[in-house]
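Here is how the chains run, residue by residue.
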Amino acid sequence: MLPRFRCWLGWGMPVLAVVAAVVVRVTQSSGDILLQDRGSSQMLQEHGAWGVRAGLAGIVLAVLSLLHFAATSAWGRSRVAARWPAWVGTVLGVLAAAAAVWAVVAVTLAGHTGATSVWGG
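Quick summary incoming for the structure in this document. (Residues numbered from 1 in each chain as written. Predicted model: local features only at pLDDT ≥ 70, side-chain atom pairs only at ≥ 80, totals over all residues. Heavy atoms only, no water.)

Some remarks on the packing of aromatic side chains
Applied cut-off: The pairing test for Phe, Tyr and Trp rings, Trp by its six-membered ring, is centres within 6.5 Å, and the orientation test on the planes gives stacked under 30 degrees, edge-to-face over 60, and tilted for anything in between. Whether a charge sits over a ring depends on NZ of Lys or CZ of Arg being within 6 Å of the ring centre and within 35 degrees of the ring normal.
With the rule as written, the count across this model stands at one aromatic pair. One cation-aromatic arrangement involves arginine 53 over tryptophan 50; the distance from NZ or CZ to the ring centre is 4.3 Å.

Dropping the structure here:
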C-alpha cells in the first residue's frame, strides 16, 4: 500500500467490519420477524442457524479487526497497544483472516439455505 494512503485506508477494514456486523444483526432481526410470520420448516431452521453463525462470525471479525488495527497502526500503538509485544499484531491478523473465512462460509451457506427454502431446489 502506498504510504501516503496508509493512514487513511487503515481505518477501512475495522470500520467496514463493524458496519458488516451491524448489518448482519439487522438482517437476523428481520429474519426472526419473517420466521414468526411464515412458520418454520427444517430448511428455515437450518437457514436461521447459519444466520446465527454468520452474526457471530461478524462480531468476532469486527472485534479482531479493531484489535488488529490497534496493534498494527501508528494511532493504535501510540494510544492503545504501546505495551503489547510485536507478535500480537501477527496473531491478531491471522485470527482476523480466519474469522473472515468463517464469515464468508457462514454467509454463503445462510444464503444458500435461504435460496433453497424459497426456490425448493
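Having seen it, we continue.
Describing the packing of helix H3 (residues 42-72) against helix H5 (residues 87-119)
Stated formally: Whenever a helix is involved, its axis is fitted only over the stretch in contact; in every case the axis is a line through C-alpha atoms, and angles between N-to-C directions fall within 0 to 180 degrees. Strands are runs of DSSP state E lasting at least 2 residues, helices are runs of H or I lasting at least 4, and numbering of each runs from the N terminus. Relative orientations are named as follows: roughly parallel for angles under 35 degrees, roughly antiparallel for angles over 145 degrees, roughly perpendicular for angles from 65 to 115 degrees, and oblique for any other angle. Put simply, a crossing is left-handed when the front helix is turned counterclockwise from the back one by less than a right angle, and right-handed when it is turned clockwise. Ten residues, namely Ala, Val, Leu, Ile, Met, Phe, Trp, Tyr, Cys and Pro, are considered nonpolar, four, namely Asp, Glu, Lys and Arg, are considered charged, and the remaining ones, Gly among them, are considered polar.
At their nearest, the axes of H3 and H5 sit 7 Å apart, and the two run at 160° to each other. One element, H3, and the other, H5, form an angle in the roughly antiparallel class. As for the relative orientation of H3 and H5, their crossing is left-handed in sense. Residue classes in the contact of H3 with H5 are distributed as 22 nonpolar, 10 polar and two charged.

Looking at the layout of surface pockets
To be explicit about the condition: Here a cavity means grid points, on a 1 Å grid over the protein atoms only, where a 1.4 Å probe fits yet cannot get out; a pocket means an open set of points with protein on both sides within 12 Å along at least five of seven lines; lining residues are those with an atom within 4 Å of a point. Grid points are joined across faces, edges and corners, and a volume is the space filled by probe spheres set on the points.
What the largest pocket holds in volume is close to 620 Å³. As for the largest pocket, its lining consists of 24 residues, and the residues nearest its centre are Thr27, Gly31, Asp32, His47 and Gly48. For the lining of the largest pocket, the secondary-structure elements that each account for two or more residues are helix H2 (12-38), H3 and H5. Grouping the constituent residues of the lining of the largest pocket by class yields 10 nonpolar, 11 polar and three charged.

A look at the environment of serine 117
We count it as follows: Buried residues are those whose accessible area, probed at 1.4 Å on protein chains only, stays under 20% of the maximum for their type, while exposed residues exceed 50% and partly exposed ones sit between those limits. Two residues qualify as a contact provided that any one of their heavy atoms is within 4.5 Å of a heavy atom in the partner residue.
Secondary-structure assignment places serine 117 in helix H5. Overall, serine 117 belongs to the partly exposed group, its relative accessible area being 29%. Sequence separation between serine 117 and histidine 47 is 70 residues; the distance between their C-alpha atoms is 8.2 Å. In contact with serine 117, not counting residues within four places along its chain, are Met43 and Leu44.

Side note on the environment of leucine 109
Looking at the element boundaries, leucine 109 is found in helix H5. Of the residues examined, leucine 109 reaches a relative accessible area of 29% and is grouped as partly exposed. Along the primary structure leucine 109 and histidine 47 are separated by 62 residues, whereas in three dimensions their C-alpha atoms are 7.8 Å apart.

Some thoughts on the packing of H2 against H3
Between H2 and H3, the shortest axis-to-axis distance is 8 Å and the interhelical angle comes to 160°. Between H2 and H3, the interaxial angle falls into the category roughly antiparallel. Relative to H3, H2 is oriented so that their crossing is left-handed.

Regarding the side chain of glutamine 28
Note the threshold: We call two N or O atoms a polar contact when they sit within 3.5 Å, provided that within protein one can donate a hydrogen and the other can accept it, with sequence-adjacent residues counted only if both atoms are side-chain atoms.
Take glutamine 28: it is sitting in helix H2. By relative accessible area, glutamine 28 is classed as buried at 17%. Polar side-chain contacts of glutamine 28 include one of 3.0 Å to the backbone oxygen of glycine 51. Glutamine 28 has contacts with Gly51, Val52 and Gly55, leaving out every residue within four places of it along the chain.

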